[in-house]
Amino acid sequence: MRVLFTGSAILVSVVIFSIILFVGFQGSKTFRDVSVAEFFFSSKWSPSADSPSFGALPFLYSTLLLAGLSILLAVPLALSGAVFMAKIAPRWMREIMRPAADLFVGIPSVVYGLIGLTVIVPFLGRVFHGSSSAGYGILPAAIVLAVMILPTILSVSEDALRSLPGPLQEASLALGATRWQTIWRVLLPAARPGILTGVILGMGRAIGETMAVFMVIGNAPVVPKSLLDSTTVLTTAIVKDMANTFFNTTWNNALYLMALVLLLLSLVLILLIRFVAGRSEGK
């Protein structure tokens, strides 16, 4: 069994590093025809034109903006739900709400995208533009993503709150603090590492989500000037263009380079999780 487990760990590591090396090798070929400055700082993406341009700035900017906005929408709701289920809700209610929240994780992303396409996009279009077909952009994608990542942040945050030692809350209440003061000033700071881990995991899913975002964001390769301007993120740009390219062309290599950027973003988030967990263990 020791040999089996060791071999499995080595195999997994080889597969992961092989993917990173392959994507990185193909992506680096982009710089044979495109400068680093053009790729990362140019906002013009027209790979099929007579004079092709490969500026990925709109995709990078929209990806970070979408992830940040979805986190801003999801964290207050998820954290409030975690506090309620961990410290306020009676046992019977918690046993109903926790499975109901976990059920959201099992819903396919295309279902979220379909709901966003048929409900959220027309609603935002009528409210802000007077037309049900003009509601595409960062905002509907962020709303859909916030619902998708909310169960992850909620469940991790609730586990962090429930794992705190009981005497911590009892000591605060014994000193005369109210329940809200105990939650806000004692329990939430003590559970901060676990809560931050949930937020980072949610951000990682928001950055990597494709299908639901593809259906509601509009897919225009431009830098958005408002939250209801059609735009494209890294994942949807790869999905939209990959079928139109030939392997080892500059266009194809640029898509691999965008995939490498996504891998590096995921790696940074994983390192953040390990850093937060390490600080928690150190305390």
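This paragraph deals with the overall build of the chain. Helix and strand counts for the chain stand at 12 helices and two strands. Counting from the amino terminus, helix and strand elements in the chain follow one another as α-α-β-β-α-α-α-α-α-α-α-α-α-α. Evaluated residue by residue, the chain yields a buried proportion of 41% over its 283 residues. Surface summary for the chain: the accessible area is close to 15200 Å², and the carbon and sulfur share equals 70%.

As a further point, take a nonpolar patch on the surface. Where nonpolar side chains cluster on the molecular surface, the patch consists of L11, V12, V15, I16, F17, I19, I20, L21 and L263 and spans about 830 Å² of accessible area. The element contributing the most residues to the nonpolar patch is helix α1 (residues 2–28), with eight residues. Within the secondary structure, L263 is located in helix α12 (residues 250–282).

Across all of its chains, the model carries eight aromatic pairs by this definition. Judged by centre distance (5.7 Å) and plane angle (85 degrees), the rings of W45 and F54 are edge-to-face. Side by side, W45 and F54 carry an identical accessibility label, which is buried. Taken together, the ring pairs in this structure connect F22, F247 and Y256 into an aromatic cluster.

Among the secondary structure elements, D241 is positioned in helix α11 (residues 234–242). We classify D241 as buried; its relative accessible area is 5%. Excluding residues within four positions of it along the chain, D241 makes contact with W45, W251 and L255.

Moving on to the packing of helix α8 (residues 179–190) against helix α9 (residues 192–208). At their nearest, the axes of α8 and α9 sit 5 Å apart, and the two run at 65 degrees to each other. On the basis of their axis angle, the class for α8 and α9 is roughly perpendicular. Where α8 approaches α9, its residues L188, P189 and A190 are matched on the opposing element by R192, P193 and I195.

Running from N to C, helix α3 (residues 57–88) and α9 cross one another at 140 degrees; their axes reach a closest spacing of 9 Å. Between α3 and α9, the crossing angle belongs to the class labelled oblique. For the crossing formed where α3 meets α9, the hand is right-handed. Of the residues in α9, those touching α3 at T63, A67, S70, I71, V75 and L79 are I195, V199, G202, M203, A206 and I207. Taken together, the residues that form the contact of α3 with α9 break down as nine nonpolar, three polar and no charged.

Our next topic: the nonpolar core. Formed by 68 residues in total, the largest nonpolar core has its most connected members in W45, L66, L161 and M258. For this core, the secondary-structure elements that each account for two or more residues are α3, α5 (109–128), α6 (138–162), α8, α9, α10 (211–216), α11 and α12. Tallying contributions element by element places α6 first for this core, with 13 residues. Setting aside anything within four residues of it in sequence, one finds W45 in contact with S53, F54, G55, F59, P221, D241, W251, A254, L255 and M258.

Cut-offs applied
- Residues numbered from 1 in each chain as written.
- Predicted model: local features only at pLDDT ≥ 70, side-chain atom pairs only at ≥ 80, totals over all residues.
- Heavy atoms only, no water.
- Helix = DSSP H or I, 4+ residues; strand = E, 2+ residues; numbered from the N terminus.
- Buried < 20%, exposed > 50% of the residue type's maximum accessible area, 1.4 Å probe, protein only.
- Areas by Shrake-Rupley, 256 points an atom, 1.4 Å probe, with all protein chains shown as cover.
- Patch = residues over 30% accessible without salt bridge, like charges linked within 9 Å, V, L, I, M, F, W, Y side chains within 5 Å.
- Salt bridge = Lys/Arg side-chain N within 4 Å of Asp/Glu carboxyl O.
- Phe/Tyr/Trp six-rings, centres within 6.5 Å; stacked < 30°, edge-to-face > 60°.
- Contact = heavy atoms within 4.5 Å.
- Axes fitted to C-alpha atoms, helices over the stretch in contact; angles between N-to-C directions.
- Parallel < 35°, antiparallel > 145°, perpendicular 65-115°, else oblique.
- Left-handed = near helix turned anticlockwise from the far one by under 90°.
- Nonpolar A, V, L, I, M, F, W, Y, C, P; charged D, E, K, R; others polar.
- Core = buried A, V, L, I, M, F, W, Y, C linked by side-chain atoms within 4.5 Å.

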